[in-house]
Amino acid sequence: MQRPVIFHIDVNSAFLSWEAAYRIRHLGASLDLRTIPSAVGGDISKRRGIILAKSVPAKKYKVQTGEPIVDALRKCPQLKLVPPNYELYEKNSKAFIKILKQYTDKVEQYSIDEAFMDMTGTQLLFGAPIVAATAIKDEICHTLGFTVNVGISDKKLLAKMASDFEKPNRVHTLFTEDIPQKMWPLPVRDLFFVGHASEQKLHSIGIRTIGDLAATDVNALRAILKKHGEVIWDFANGRDVSLVEPEPPDNKCYGNSTTIAFDVTDAPTAKMVLLSLCETIGRRLRKDHVRIETVSVSIRFHDLSFESHQSVLPAPTNITKEIHTAVCRLFDELWDGTPIRHLGVHTGHVSKGGANRQLSLFDHTDYEKLEKLDHAVDRIREKFGSDSIMRASFLKQEQIDHMNGGISREKRTVDYSKIDLNS
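Below or above, wherever it landed, is the structure these notes cover. As the structure is a computational prediction, the values presented were derived from the model and not from experiment.

### A look at the sheet that holds strand β4 (residues 80-82)
Stage number 1. Sheet architecture is open: three strands sit in the order β3-β2-β4, paired in mixed fashion. Here the strands that pair on one side only, and so sit at the sheet edges, are β3 (51-54) and β4. The mean angle between the axes of side-by-side strands here comes to 30°, regardless of whether they run parallel or antiparallel.
Stage number 2. Across three bridges, the pairing between strand β2 (residues 38-41) and β4 is parallel. Residue S38 lies in a different strand from β4, and its bridge partner there is K80.

### Focus: the nonpolar core
Stage number 1. Judged by nonpolar contacts, the single largest core of 40 residues is most densely connected at F7, F15, F96, L100, M117 and I140.
Stage number 2. Among the elements that line this core, the one with the most residues is helix α4 (residues 86-100), at seven residues.
Stage number 3. When residues no more than four places from it in sequence are discounted, the contact partners of F15 are V40, L52, A53, Y86, Y89 and I112.
Stage number 4. One finds I260, L277, C278 and V290 within the second-largest nonpolar core, a separate group that totals 31 residues.

### Brief notes about the side chain of E108
Stage number 1. Tracing the sequence through the fold places E108 in strand β5 (residues 107-111).
Stage number 2. Relative accessible area serves as the criterion here: at 12%, E108 is assigned to the buried category.
Stage number 3. A distance of 2.8 Å separates a polar side-chain atom of E108 from the backbone nitrogen of E245.
Stage number 4. Among residues more than four places away in sequence, those in contact with E108 are E114, A115, F116, K156, L243, V244, E245 and P246.

### Let's talk about the layout of surface pockets
Stage number 1. If you add up the space inside the second largest pocket, you get close to 870 Å³.
Stage number 2. In terms of lining, the second largest pocket is formed by 25 residues, of which the most central are S13, K54, K59, T65 and K167.
Stage number 3. Within the residue set of the lining of the second largest pocket, elements represented by two or more residues are β1 (6-11), α1 (14-27), β3 and α2 (56-59).
Stage number 4. Take the lining of the second largest pocket: its biggest share by element is four residues, from α1.

Scoring rules and cut-offs
- Residues numbered from 1 in each chain as written.
- Predicted model: local features only at pLDDT ≥ 70, side-chain atom pairs only at ≥ 80, totals over all residues.
- Heavy atoms only, no water.
- Pairing = 2+ DSSP bridges.
- Helix = DSSP H or I, 4+ residues; strand = E, 2+ residues; numbered from the N terminus.
- Axes fitted to C-alpha atoms, helices over the stretch in contact; angles between N-to-C directions.
- Core = buried A, V, L, I, M, F, W, Y, C linked by side-chain atoms within 4.5 Å.
- Buried < 20%, exposed > 50% of the residue type's maximum accessible area, 1.4 Å probe, protein only.
- Contact = heavy atoms within 4.5 Å.
- Polar contact = N/O pair within 3.5 Å; in protein donor to acceptor, adjacent residues only side chain to side chain.
- 1 Å grid on protein atoms, 1.4 Å probe; cavity = no way out; pocket = protein on both sides within 12 Å on 5 of 7 lines; lining within 4 Å.
- Points joined across faces, edges and corners; volume = space filled by probe spheres on them.

As structure tokens, this is what we get:
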């Protein structure tokens with residue numbers, strides 16, 4: 001049986017690299033953001049002010065992805081901040097995946113800037129794994145203007161670990177037989193699936209390296225970290241049977257949330273925000289021809305405390321109004337009047353096919369009419385854009401986008417005419 005050959009390709013500082021390459025190649029900028037302390041960050045005024053990506057020079061100041069912009073600027077006052085541009089990121093992501101598919105049809109996009117490739121049996125076409133990986137890395141750099149790391153292994157987990165070794169623009173190998181030399185000496189926090197909380201618990205029982213974790217009794221880990229302890233013990237020992245899946249699995253849930261630019265202190269405004277979230281969720285459900293049976297609402301208050309509430313629906317649905325009605329009922333049961341900073345709507349128990357709705361003598365809602373209305377609105381938005389039609393209730397709500405959540409409108413495009421590209 002032929003030994004598997006798996007690649008993991010990871011774009012180096014993706015959002016920042018894509019921004020830098022675009023400015024240089026398409027806008028004629030002379031300043032390369034990758035060579036100075038710089039970062040992609042959200043809008044502080046809209047309370048989305050966190051670091052989304054950073055340059056290598058910014059790392060020297062200990063600027064971290066996910067930290068508030070104010071903290072990053074405190075560490076590095078000269079940090080150059082650039083606004084996010086998700087439309088650009090999506091184009092670059094598609095372009096880099098297109099190159100990968102020239103080498104194999106077995107490409108699994110793991111995230112917007114990561115992918116796995118099953119390169120088993122391609123040696124006669126592209127040479128040894130290191131040769132093929134180097135060719136892919138160089139083609140992406142020359143064609144698209146940004147760099148990637150490539151990890152090579154016989155297992156997906158190990159390929160991902162390998163791609164995280166020295167960066168940027170490198171090819172690394174980590175086969176099963178290399179685990180003791182290349183992986184076990186690493187800090188336990190470097191292992192996939194080990195977050196800060198898990199790291200602290202592992203440190204408390206003397207586990208500092210991945211090798212320490214691999215040598216620990218799995219029952220002891222299970223007692224401390226439950227099922228998660230067994231999972232990371234398997235990973236530490238290189239146990240991974242997952243395959244590269246070119247076709248993404250069906251969604252198990254659909255959700256949306258948004259941080260609001262102001263504290264919400266009244267129920268009608270909160271319910272308008274929830275409606276805007278239900279609009280985007282309903283559209284996604286109908287696009288995927290699925291329905292949901294459970295719905296939940298989550299609230300993050302002005303003091304960053306968090307509450308959520310869930311219920312089961314009477315019948316599977318993808319009707320926006322029905323979802324919103326259920327969400328509002330949950331909101332009324334949950335909210336105590338505390339100012340709201342962030343709202344979320346999440347759904348579950350996804351099923352395909354038609355709705356098996358049981359008729360009720362006391363429910364006179366025309367669900368068929370509501371479904372037809374939603375589908376008509378979807379078709380109009382698909383043809384003429386999301387803003388071509390909206391509910392009248394949003395016309396006087398300038399601070400609330402009628403289709404909210406996910407990637408906010410201001411993050412989708414950037415007006416470069418208002419930006420000095422060389423300072």
